[in-house]
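# Examining the three-dimensional arrangement
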Amino acid sequence: MVNHITLYQHGTLALLVPGLLKGTITMSELLKHGDTGIGTGEGLDGELIILDGKPYHVHATGDVTLAPKSFRMPFANAHFARYTPLAELENVNQAELNKQLVSLSRAANTFFSIKITGTFSNIQTRAAVKSRPPYHTLAETAENQSVFTRDQINGTLIGYYAPQLFEGAAVGGFHDHFISDDRKFGGHVLNFHLVKGDVSYQLFDTFEQHLPVSDKDFMQHDFSKDDIAGSIQKSE
């Protein structure tokens, strides 16, 4: 029986802050937990969006390829999709859209996923350049990123909402990735205007947090010295 009410997460955003960027889960393993999701590769290697079971890897060059089963990630979300229609929206910016999504979903205190298919304008995405060990901090690595823009494009946005009390484990608020219909443009979403789109959502009553306990660097790191919230907000 397929589980549609659990959001699976490997790693935390907090572990990326000090530069714990080693890939600790493979794509093959991640896809056991969902057919939809987002993430990043080892060393912050670009951005990942999983749609209909296909993992699209957006490189810092802007190229989009399918990630192999051996692709490794330090952080990723995944779930089995069963979205419920929420609204059809037109002519709305990202900030206003996010407010409407929280209001319409009535789910500010739990996790949920959003899926928006439609036409987007002035969309801005990013993908970081893969770094090599010894890894730098999240803030330092994120500075070496590519930013892509499109005046108007059709595609799908997949995002996850987390309550503010989970800031650190995840992004408090929305964390969105995008892939175009032609699968040639995408990345972590920085900004957009929705021209017209169908919005659906999926509510979760269970958040399954998987930690890389076999990674010695993670197990021995002292996170009390890190500015977790500040670094996440700056990089996201």
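Residue numbers restart at each chain and count upward from 1, following the sequence in its written direction. Note on the predicted model: pLDDT of at least 70 is required for a residue's local features to be given, and 80 or more for side-chain atom pairs to be given and counted; whole-chain, interface and lining totals, by contrast, use all residues. With hydrogens and water stripped out, all remaining heavy atoms of the structure feed into the side-chain values.

An unreviewed UniProt entry annotates the protein chain as Alpha-acetolactate decarboxylase of Lentilactobacillus parakefiri. Note on the protein chain: under the UniProt heading Catalytic activity (unreviewed entry), the record states "(2S)-2-acetolactate + H(+) = (R)-acetoin + CO2". UniProt positions are given in the numbering used here, feature names are shortened, and annotations may be inferred rather than shown by experiment. UniProt's Pathway (unreviewed entry) comment on the protein chain is quoted here verbatim: "Polyol metabolism; (R,R)-butane-2,3-diol biosynthesis; (R,R)-butane-2,3-diol from pyruvate: step 2/3."

## Observations concerning the overall build of the protein chain
When its secondary structure is counted, the protein chain shows 6 helices and 14 strands. A compact globule built from 236 residues would reach a C-alpha radius of gyration of about 18 Å, and the protein chain, at 17 Å, matches this within 12%. Along the first, second and third principal axes, the C-alpha set of the protein chain runs to 50 × 35 × 35 Å. For each residue, the accessible area found with a 1.4 Å probe, counting protein chains only, is set against the maximum for its type, and the residue is called buried under 20%, exposed over 50%, and partly exposed in between. Buried positions account for 53% of the 236 residues belonging to the protein chain. Every residue pair with non-hydrogen atoms within 4.5 Å of one another is taken to be in contact. Across the protein chain, contacts joining residues at least 24 apart in sequence account for 78% of those joining residues at least 6 apart. Computed with the Shrake-Rupley method and a 1.4 Å probe, the accessible areas treat only the protein chains shown as cover for residues. Roughly 10900 Å² of accessible area belongs to the protein chain as shown, and the carbon and sulfur atoms make up 49% of that amount. Between the averaged position of the 19 positive side-chain charges in the protein chain and that of its 26 negative side-chain charges there is a distance of 5 Å. Numbering of helices and strands runs from the N terminus; a helix is a DSSP stretch of H or I covering at least four residues, while a strand is a stretch of E covering at least two. Each radius of gyration reported is based on C-alpha atoms, and the globular scaling rule is 2.2 Å times the count of residues to the power 0.38. Here Asp and Glu are counted as negative and Lys and Arg as positive; His is not counted, and neither are the chain ends. The atoms used to mark charge sites are NZ of Lys, CZ of Arg, CG of Asp and CD of Glu.

## Section: unusual backbone geometry
In the segment running from Pro133 into Pro134, the intervening peptide bond is cis, with an omega of -5°. Its identity is not glycine, yet Leu44 carries a phi of approximately 55°, on the positive side. Summarising the element assignment, Leu44 is placed in the loop between β3 (36-41) and β4 (45-51).

## Let's talk about the packing of aromatic side chains
Here is the rule: rings of Phe, Tyr and Trp (six-membered ring for Trp) pair when centre to centre is within 6.5 Å. Planes less than 30 degrees apart are stacked, more than 60 are edge-to-face, and the remainder are tilted. For the coordinates displayed, the defined rule picks out 11 aromatic pairs. Note on Phe112 and Tyr161: the rings are 4.8 Å apart at their centroids and 20° apart in plane angle, and the pair reads as stacked. Taken as a pair, Phe112 in strand β10 (residues 112-128) and Tyr161 in strand β11 (residues 145-162) lie far apart in primary sequence, 49 residues in all. Given the relative accessible area of 1%, Phe112 is considered buried. Overall, the relative accessible area of 10% leaves Tyr161 in the buried class.

## As for helix α6 (residues 228-235)
Those residues of α6 not exposed but buried are Ile228, Ser231, Ile232 and Ser235. Viewed along the axis of α6, the buried residues span an arc of 100°, placing them on a single side of the element. In this structure, the buried side of α6 is in contact with α1 (13-16), β10 and α4 (138-142). It is the directions from the helix axis to the C-beta atoms that the arc portrays.

## So, the nonpolar core
Ile114, Ile116, Phe120, Leu157, Phe178 and Phe192 are the most contacted members of the largest nonpolar core, which has 38 residues in total. Only β4, β5 (54-58), β9 (84-93), α3 (94-105), β10, β11, β12 (173-180) and β13 (186-203) provide two or more residues apiece to this core. Per element, the largest residue contribution to this core is 7 residues, and it comes from β11. Beyond its immediate stretch of four places on either side in the chain, Ile114 contacts Tyr83, Leu101, Leu157, Ile158, Gly159, Phe174, Asp176, Ser200 and Tyr201. Take the buried residues of types Ala, Val, Leu, Ile, Met, Phe, Trp, Tyr and Cys, join any two whose side-chain atoms come within 4.5 Å, and each joined set is a nonpolar core.

## Examining the pairing of β12
Of all 8 residues in β12, 8 are buried, a share of seventy percent or more. If DSSP finds at least two bridges between two strands, the strands pair. Bridging between β11 and β12 involves 8 bridges; their strand directions are antiparallel. Bridge pairing links Leu157 to Phe178 in β12. Counting the residues that bridge the hairpin from β12 to β13 gives 5 residues, and of these Arg183 lies at a positive phi of roughly 60°.

## Observations regarding the side chain of Gln94
Topologically, Gln94 is positioned in helix α3. When sequence neighbours within four positions are dropped, the list of residues in contact with Gln94 reads Asp176, Val189, Leu190, Asn191 and Phe192.

## Some thoughts on α3
The terminal C-alpha atoms of α3 lie 16 Å apart, and with 12 residues this matches the ideal 16 Å at 1.5 Å per residue to within 8%. Gln94, Leu97, Asn98, Leu101 and Ser105 are the residues of α3 that are buried. Along the long axis of α3, the arc covered by the buried residues comes to 100°, so they all point the same way. Seen from the open side of α3, the exposed residues pointing more than 90 degrees away from its buried face are Lys99 and Ser103. Check the buried side of α3 and you find it contacts β9, β10, β12 and β13. Immediately beyond the C-terminal end of α3, within one or two residues, lies Arg106, with a positive phi of roughly 55°. Expected span of a helix: the number of residues minus one, times 1.5 Å.

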